[in-house]
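# Architecture at a glance
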Amino acid sequence: MGKVSLDINGRKYAMGCEDGEEERLLRLGQKLDDRVNQMANQFGQIGDLRLLVMAGITMMDEVEDTMQNIDLRVDAKAAGLRKERDAATLASAKTQAEAAKTLHAAARRIEKLAAKLSD
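Conventions we followed
Residues numbered from 1 in each chain as written. Predicted model: local features only at pLDDT ≥ 70, side-chain atom pairs only at ≥ 80, totals over all residues. Heavy atoms only, no water. Helix = DSSP H or I, 4+ residues; strand = E, 2+ residues; numbered from the N terminus. Rg over C-alpha atoms; globule rule 2.2 N^0.38 Å. Buried < 20%, exposed > 50% of the residue type's maximum accessible area, 1.4 Å probe, protein only. Contact = heavy atoms within 4.5 Å. Areas by Shrake-Rupley, 256 points an atom, 1.4 Å probe, with all protein chains shown as cover. Lys, Arg positive; Asp, Glu negative; His and termini not counted. Charge placed at Lys NZ, Arg CZ, Asp CG, Glu CD. Core = buried A, V, L, I, M, F, W, Y, C linked by side-chain atoms within 4.5 Å. Pairing = 2+ DSSP bridges. Patch = residues over 30% accessible without salt bridge, like charges linked within 9 Å, V, L, I, M, F, W, Y side chains within 5 Å. Salt bridge = Lys/Arg side-chain N within 4 Å of Asp/Glu carboxyl O. Expected span 1.5 Å × (residues − 1). Arc of directions from axis to C-beta.

### What about the overall build of the protein?
- Tallying secondary structure elements over the protein gives two helices and two strands in all.
- Shown N-terminal to C-terminal, the secondary structure of the protein runs as helices and strands in the order β-β-α-α.
- Relative to the 2.2 N^0.38 estimate, which gives 14 Å for 119 residues, the radius of gyration of the protein is 34 Å and therefore markedly larger than a compact globule would have.
- Each principal axis of the C-alpha atoms in the protein carries an extent, and together these give about 105 × 35 × 15 Å.
- Counting only residues that meet the buried cut, the protein has 13% of its 119 residues in that class.
- Intrachain contacts of the protein at a sequence separation of at least 6 include 26% that bridge at least 24 residues.
- Roughly 9,800 Å² of accessible area belongs to the protein as shown, and the carbon and sulfur atoms make up 58% of that amount.
- One way to put it: in the protein the 19 positive side-chain charges average out to a point 12 Å from where the 20 negative ones average out.

This is how it looks when you write it as structure tokens:
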């Protein structure tokens, strides 16, 4: 099990992680520290816990906005695909109807020729 030491708002936090995840955890810790420092610059040193909660809430707000944006894009893409599917289904039905009509006409011609030949 890996271990890292994160520096958040000037305090050290020892964290455990899966082996190989140390760099990722350090990178995420740096992002959190950046956000906490941004909050501290904006609101002052109002306490580690409050700053961490504020940073967490703003980050979760961004995650939620991103998820909503992704959902909207997925819905739009799905609607486009459904429209394409419906158009392809309609085109296929028309092609099948035309093919059946052509086959029926050919069958009538063959029947007429067969009738003439049998006379």
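Now that the structure has been shown, the text picks up again.
### A short note on the nonpolar core
- The biggest cluster of nonpolar side chains holds ten residues, and these are Val4, Leu6, Ile8, Cys17, Leu25, Val36, Met39, Ala40, Leu51 and Ala55.
- Contributing elements (two or more residues each) for this core: strand S1 (2–8), helix H1 (22–43) and helix H2 (48–118).
- Looking at which element gives the most residues to this core, the answer is H1, with four residues.
- Not counting chain neighbours up to four residues away, the residues in contact with valine 4 comprise Tyr13, Ala14, Met15, Glu22, Leu25 and Leu26.

### Quick look at the pairing of strand S2 (residues 11–17)
- The pairing of S1 with S2 spans seven bridges and is antiparallel. Bridged to aspartate 7 within S2 is lysine 12.
- As consecutive antiparallel partners, S1 and S2 are separated by two residues, and within that stretch asparagine 9 has a phi angle of approximately 55 degrees, a positive value.

### Some remarks on unusual backbone geometry
- Positive phi, close to 55 degrees, is recorded for asparagine 9, a residue that is not glycine.
- Position of asparagine 9 among the secondary structure elements: in the loop between S1 and S2.

### What to know about a nonpolar patch on the surface
- Where nonpolar side chains cluster on the molecular surface, the patch consists of Met60, Val63, Met67, Ile70 and Val74 and spans about 450 Å² of accessible area.
- In this fold, valine 74 is placed in helix H2.

### Observations concerning H1
- End to end, H1 covers 31 Å across 22 residues, agreeing with the expected 32 Å (1.5 Å per residue, within 8%).
- For H1, the set of buried residues is Leu25, Gly29, Asp33, Arg35, Val36, Met39 and Ala40. Within H1, the buried residues cover an arc of 165 degrees as seen down the axis, which keeps them to one side. Residues of H1 that are exposed and point more than 90 degrees away from the buried face comprise Glu23, Asn41 and Gln42.
- Once H1 finishes, glycine 44 follows within two positions and takes phi at roughly 90 degrees, a positive value.

### Here's the deal with H2
- The first and last C-alpha atoms of H2 sit 102 Å apart over 71 residues, in line with the 105 Å expected at 1.5 Å per residue.
- Considered for burial, the residues of H2 that qualify are Asp48, Leu51 and Ala55.
- Where H2 is buried, its residues contact S2 and H1.

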